[in-house]
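Descriptive structure summary
As a plain string of letters, each chain reads:
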Amino acid sequence: EKFVTELLPVLDSMVMGLAVEDASAESLREGMELTMNMLEKMMEKLGIEEIDPLNEKFDAAKHQAMTTQPSDEVEPNTVLAVMQKGYSLNERLIRPAMVIVSRAAE
């Protein structure tokens, strides 16, 4: 029930944005940013945390390596890019972050 109560204002914001006819790209973007902020605050209230491990050490418990890439700029096993952010709920992994991980340059 708490989840639905927190989610409804986000849904209302999206419905109102779609109801606007002849909206400019700029106003649509602004509306999306406001709605995204609402969603992020809702997630924070519910204990949902984003996992965005860019430039961190690879952690198999929280990250899913999609590929490796040679690099002489960072240590091996460092996250070079995040393809999709991960999420946890009250410190329990819901979805691992999909990442590209460095390996030693050849």
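What this report covers is the structure whose coordinates are included nearby. Every chain is numbered independently, its residues counted from 1 as its sequence is written. Residues qualify for local features only when their pLDDT is at least 70, as the model is predicted, and side-chain atom pairs are given and counted only at 80 or more; totals for whole chains, interfaces and linings, by contrast, use all residues. Calculation of side-chain values draws on the structure's entire complement of heavy atoms; hydrogens and water are dropped beforehand.

**Notes on helix α2 (residues 25–45)**
The secondary structure listing takes helices from DSSP runs of H or I that are at least 4 residues long and strands from runs of E that are at least 2 residues long, numbered from the N terminus. A helix is expected to span 1.5 Å multiplied by its residue count minus one. Helix length check: α2 (21 residues) gives 30 Å between terminal C-alpha atoms against 30 Å at 1.5 Å per residue, within 8%. Buried residues are those whose accessible area, probed at 1.4 Å on protein chains only, stays under 20% of the maximum for their type, while exposed residues exceed 50% and partly exposed ones sit between those limits. For α2, the set of buried residues is Thr35, Met42 and Met43. Taken down its axis, α2 places every buried residue within 95° of arc, on the same side. Opposite its buried face, α2 presents the exposed residues Glu26, Arg29, Leu34, Lys41, Glu44 and Lys45, each directed more than 90 degrees away. For α2, the secondary structure elements touched by its buried residues are α1 (2–19), β1 (48–51) and β4 (86–89). Positive backbone phi, approximately 85°, marks Gly47, located one or two places after α2. Of all possible arcs, the one meant is that of the directions from the helix axis to the C-beta atoms. Residue contacts are counted whenever heavy atoms from the two residues lie within 4.5 Å of one another.

**Focus on a nonpolar patch on the surface**
To count toward a patch, a residue needs a relative accessible area above 30% and no salt bridge. Like charges then connect within 9 Å, nonpolar side chains (Val, Leu, Ile, Met, Phe, Trp, Tyr) within 5 Å. Areas reported here follow the Shrake-Rupley algorithm with a probe of radius 1.4 Å; residue values treat only the protein chains shown as occluding. A pairing counts as a salt bridge when a side-chain nitrogen of Lys or Arg comes within 4 Å of a carboxyl oxygen of Asp or Glu. On the surface, Phe3, Val4, Leu7, Leu8, Leu11 and Val15 cluster together to form a nonpolar patch covering roughly 510 Å² of accessible area. Position of Leu7 among the secondary structure elements: in helix α1. On the accessibility criterion, Leu7 (31% relative accessible area) is partly exposed.

**So, the sheet that holds strand β3 (residues 79–84)**
Paired through their backbone hydrogen bonds, the strands of a sheet run either parallel or antiparallel. Pairing is mixed across the open sheet formed by three strands, whose spatial order is β2-β6-β3. The strands lining the two open edges of the sheet, one partner per strand, are β2 (63–71) and β3. The mean inter-strand angle of the sheet, taken between neighbouring strand axes irrespective of direction, is 25°. Taken together, the eight bridges between β2 and strand β6 (residues 97–104) define a ladder with parallel strand orientation. Looking at β6, one finds that His63 is bridged to Ala97. Strand pairing follows a simple DSSP-based rule, namely that at least 2 bridges must link the two strands. For helices, the axis comes from a line fit to the C-alpha atoms of the stretch in contact; other axes are also lines fit to C-alpha atoms, and the angle between any two N-to-C directions lies between 0 and 180 degrees.

**So, the pattern of salt bridges**
A pair can form between side chains of opposite charge whenever their charged atoms are brought close. Within this structure, the stated rule accounts for five salt bridges. Among the salt bridges present, the one from Lys85 reaches Asp52, with a minimum N-O distance of 4.0 Å. One end of the pair, Lys85, is in the loop between β3 and β4; the other, Asp52, is in the loop between β1 and β2, with 33 residues separating them in the sequence. Judged by relative accessible area, which is 36%, Asp52 ranks as partly exposed. A salt bridge links Lys57 to Glu75; the shortest N-O distance between them is 3.4 Å. Highlighted residues: Lys57 in the loop between β1 and β2 and Glu75 in the loop between β2 and β3, separated in sequence by 18 residues. Using a relative accessible area of 47% as the deciding quantity, one classes Lys57 as partly exposed. Judged by its relative accessible area of 54%, Glu75 falls in the exposed class.

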